[in-house]
Amino acid sequence: MRNRIVMGVLLAAMQFLPPGLLAAGLPPDYRQVLAYLDKKGDYKDHVFKVGIPRNDLQVNVDGVDTPTTFGFDGWLAMTKGKNGLDVMMGDLVLLQDEVNPVMSALLDNGLEVTALHNHFFWEEPRIFCMRVQGHGKAMELAKKVKPALDLIGNDAAGASQSEKSVDFAKESLDTAALSRIIGHAGEQNGQVYKITVGRDDLKVNEMGARINSRMGLNTWAVFYGSDERAVITGEVAMLENEVTPVLRALRAHELDVVAIHHHMTGSQPMVIFLHYWGQGQAVKLAEGFKSALDQLGRGANRVH
């Protein structure tokens, strides 16, 4: 009789648990993570996986209305590594207005962003996928990632404040001032001013060939507009350990990161590239670019 009473109490209590907590064989620390994140998840092959689906979105790809499971079901996963610490990886599905606020939240809480790219063409609304990575105790990781998750799907990230089309056709820039800030001279091409900085400090080889700046191993910025209102775009060539410092530098100067990816395969050392974009006073944009440049090796920062 007593056993039946205990079992009845347990079954009654389980009715009030979040569905994710009923996952078979879920270790206690991962149960805490599910409860804290208020998500569903499971535990298979020594991996704890939490679903971050974009059920709030109705995505149309090339005229076809698609379900969330077609490729819009983001996730986080944890597995045990050395010294009882977890390795966390994940893929977050984001609207373009969510990308940089979410990135800042991840970086500000000590997590790494390792990739940013699109998975589709012709989708409405536009969707981007961001890879995240971290190491630590399971609950510590959950607390670090939650501020970013809280920005997804609830308009907390804020919408783009783009104004009507701006015509810079008759504007010009003080390019000498931009060069002084960045420490490198650039080239004028019409109304666009481009500064390219090679990664001469890196000895990159592909199939026995030396890869240099002319082959695309470089960091660059292009400016367009006026001193008071300009736009900047470009890319940064980074070693793996430079990625997070560069991301932090760009976001600290309110420059948006729009892609993180590889340009080469089979090359040594591995080089990762990111693309960025920004609007504002030309001097401020140059300072943001210079801040990212300062995170790179000495060869990239040498004035010549």
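Below you will find a few notes about this structure.

## Concerning the overall build of the protein chain
Here comes step 1: If you tally the helices and strands in the protein chain, you get eight helices and 17 strands.
Here comes step 2: Put simply, the protein chain has 304 residues, and 42% of those count as buried.
Here comes step 3: In the protein chain, 62% of the contacts between residues at least 6 apart in sequence involve partners at least 24 apart.
Here comes step 4: Carbon and sulfur atoms make up 53% of the accessible area of the protein chain, which totals about 16,800 Å².

## Description of the packing of aromatic side chains
Here comes step 1: Inspection of the entire model under this criterion finds seven aromatic pairs.
Here comes step 2: With a centroid separation of 6.1 Å and an interplanar angle of 25°, the aromatic rings of Tyr276 and Phe289 are classed as stacked. With Tyr276 in strand S17 (residues 272-280) and Phe289 in helix H7 (residues 282-293), this pair connects stretches of sequence that are 13 residues apart.
Here comes step 3: Taken together, the ring pairs connect Tyr30, Tyr43 and Phe48 into an aromatic cluster.
Here comes step 4: A cation over an aromatic ring shows up here: Lys49 above the ring of Trp75, its NZ or CZ 4.4 Å from the ring centre.
Here comes step 5: The aromatic ring of Tyr36 is capped on one face by Lys146, whose charged end is 5.9 Å from the ring centroid.

## Concerning the packing of helix H2 (residues 28-37) against helix H4 (residues 138-149)
Here comes step 1: It is the contact of H2 with H4, at a shortest axis distance of 10 Å, that shows an interaxial angle of 20°. Put simply, H2 runs roughly parallel to H4. For the element pair H2 and H4, the recorded crossing hand is right-handed. Touching Asp29, Tyr30, Gln32, Val33, Tyr36 and Leu37 of H2 are Ala138, Met139, Ala142, Lys143, Val145, Lys146 and Leu149, all from H4.

## Things to note about H4
Here comes step 1: Look at H4: 16 Å from first C-alpha to last across twelve residues, which is about the 16 Å you get at 1.5 Å a residue.
Here comes step 2: Three or more residues of H4 are buried, namely Ala138, Leu141, Ala142, Val145, Ala148 and Leu149. Within H4, the buried residues cover an arc of 115° as seen down the axis, which keeps them to one side.
Here comes step 3: In this structure, the buried side of H4 is in contact with H2, strand S2 (47-53), strand S5 (73-80), strand S6 (86-95), helix H3 (96-108) and strand S9 (127-136).

Definitions and cut-offs
- Residues numbered from 1 in each chain as written.
- Predicted model: local features only at pLDDT ≥ 70, side-chain atom pairs only at ≥ 80, totals over all residues.
- Heavy atoms only, no water.
- Helix = DSSP H or I, 4+ residues; strand = E, 2+ residues; numbered from the N terminus.
- Buried < 20%, exposed > 50% of the residue type's maximum accessible area, 1.4 Å probe, protein only.
- Contact = heavy atoms within 4.5 Å.
- Areas by Shrake-Rupley, 256 points an atom, 1.4 Å probe, with all protein chains shown as cover.
- Phe/Tyr/Trp six-rings, centres within 6.5 Å; stacked < 30°, edge-to-face > 60°.
- Lys NZ or Arg CZ within 6 Å of the ring centre and 35° of its normal.
- Axes fitted to C-alpha atoms, helices over the stretch in contact; angles between N-to-C directions.
- Parallel < 35°, antiparallel > 145°, perpendicular 65-115°, else oblique.
- Left-handed = near helix turned anticlockwise from the far one by under 90°.
- Expected span 1.5 Å × (residues − 1).
- Arc of directions from axis to C-beta.

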